[in-house]
Amino acid sequence: MKTIAFTNQKGGVGKTTSAVTLAAAAAERGTDVLVVDLDAQGSSTELFLGRDPEGVGLSDVLAGDGRWADAVATGREPGALGEGSGRIDVLPATEGLTLFEESLAETGDLWAVGTLVAGVRKSDRYGLCIVDCPPAIGRLSLNAVAGADLIIAPVTLSSLSMRGVVRLRQMVDAVESALGEVPRVLYLPCAVDARYSETAEFLGVLHQAFGQYPEGDVLPSVRTSSAASRSYARALTAIEYRPDGRLADDYRAVLDALVTHGTLALP
């Protein structure tokens, strides 16, 4: 099981959309997926579950006061995304995440998420774990970076979003200083609109700085689409809302690139 942390230090760049849609794309091709919602806003939780979690919460699990298997909830049953599709389970966000992050700031712990992921991996229940991180530099995001096998940073092609890339690099460097190693960081251009010259300029800057995947670190682009907001309003991923739409196709292409070049081993 590989663990991908979706993170960027600026909100509104497609972080949660990318996390849930890539999870759906992986499930569509037969993989059982676990989504860990570290964002206290709970957007991934709301989309997949449509309700507030009850009982053991994610913050309890991370603090060692509960079992992850008791906190997990089914977001999509096997077959829900088509014949042969896998299940999507969710470790839902809870209000306690904010207080737990404050406790991490006091203890300096970087392994809470890594310990959780290690326990999930031992169960051999899932082929992929996706972590939806908070849109800010904090201890939960640092923990996700430390516990992941791969980091995907969704970015929009604007000066503000590019500054978020710089802050993300600083966060990764902080983890590397503490641990000596970090997972690979890949950048995912989102809401790309070819009608604007500024888009091509910023995409060129991104490619020049990081190179195109697989030799470089910039993944295939995801085009702008109203399906992103429309699907969320219906508590659906883009894969479910419009399976033949360009947003669904673009995220499938991102997943295909990761699998084809050996970053992920999925069906």
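Above: the structure in question.
Residues numbered from 1 in each chain as written. Predicted model: local features only at pLDDT ≥ 70, side-chain atom pairs only at ≥ 80, totals over all residues. Heavy atoms only, no water.

Here we come to the packing of helix H6 (residues 112-123) against helix H7 (residues 139-147). Where H6 contacts H7, the two axes come as close as 7 Å, and the packing angle between them is 45°. Comparing the axis directions of H6 and H7 gives the class oblique. Remark: the crossing between H6 and H7 carries right-handed chirality. Across the interface between the two elements, Ala-112, Val-113, Gly-114 and Val-117 of H6 pack against Asn-143, Ala-144 and Gly-147 of H7. (Axes fitted to C-alpha atoms, helices over the stretch in contact; angles between N-to-C directions. Helix = DSSP H or I, 4+ residues; strand = E, 2+ residues; numbered from the N terminus. Parallel < 35°, antiparallel > 145°, perpendicular 65-115°, else oblique. Left-handed = near helix turned anticlockwise from the far one by under 90°. Contact = heavy atoms within 4.5 Å.)

With that out of the way, let us pick up the nonpolar core. Ranked by internal contacts, the top residues of the largest apolar core, which has 43 residues, are Leu-22, Ile-152 and Leu-258. Beyond its immediate chain neighbours, meaning those up to four positions away, Ile-152 contacts Ile-4, Ala-5, Phe-6, Thr-7, Leu-22, Leu-186, Leu-188, Leu-219 and Leu-258. Ala-5, Leu-104, Ala-112 and Tyr-126 belong to the second-largest nonpolar core, a separate cluster that totals 27 residues. (Core = buried A, V, L, I, M, F, W, Y, C linked by side-chain atoms within 4.5 Å. Buried < 20%, exposed > 50% of the residue type's maximum accessible area, 1.4 Å probe, protein only.)

With that settled, consider the pattern of salt bridges. Under the criterion given, the structure shown has 13 salt bridges. Among the salt bridges present, the one from Asp-70 reaches Arg-67, with a minimum N-O distance of 2.9 Å. By relative accessible area, which is 45% here, Asp-70 ends up partly exposed. Residue classification places Arg-67 among the exposed positions, given a relative accessible area of 52%. For Arg-87, the salt bridge identified is with Glu-77, shortest N-O distance 3.9 Å. In this pair, Arg-87 sits in the loop between strand E3 (73-76) and strand E4 (88-91) while Glu-77 sits in the loop between E3 and E4, placing the two residues ten residues apart along the sequence. A single salt-bridge network, built from bridges that share partners, covers Lys-15, Asp-39 and Asp-132. (Salt bridge = Lys/Arg side-chain N within 4 Å of Asp/Glu carboxyl O.)

Moving on, we come to unusual backbone geometry. Cis geometry marks the peptide bond from Tyr-213 to Pro-214, where omega comes out at 15°. One non-glycine residue, Asp-124, lies in positive phi territory at about 55°. Turning to its location among the elements, Asp-124 is positioned in the loop between H6 and strand E5 (128-132). Here Ala-235, not a glycine, exhibits a phi torsion of approximately 55°, which is positive.

Time to look at the pairing of E4. Neither face of E4 is left uncovered, since the one carrying Ile-88 and Val-90 and the one carrying Asp-89 and Leu-91 both have all their residues buried. When strand E2 (residues 33-37) meets E4, the two strands line up parallel, connected through four bridges. By the bridge assignment for E4, Leu-34 is matched with Asp-89. Relative to E4, E3 runs antiparallel, the two sharing three bridges. (Pairing = 2+ DSSP bridges.)

Glancing now at the side chain of Lys-15. Tracing the chain through its elements places Lys-15 in helix H1 (residues 15-28). Look at Lys-15 and you get buried, because its relative accessible area is 7%.

Next up on the list: a negative patch on the surface. On the surface, Glu-46, Asp-52, Glu-54 and Glu-95 cluster together into a negatively charged patch. The topology assignment puts Glu-46 in helix H2 (residues 43-49). (Patch = residues over 30% accessible without salt bridge, like charges linked within 9 Å, V, L, I, M, F, W, Y side chains within 5 Å. Areas by Shrake-Rupley, 256 points an atom, 1.4 Å probe, with all protein chains shown as cover. Lys, Arg positive; Asp, Glu negative; His and termini not counted. Charge placed at Lys NZ, Arg CZ, Asp CG, Glu CD.)

Geometric values such as these leave the question of function open.
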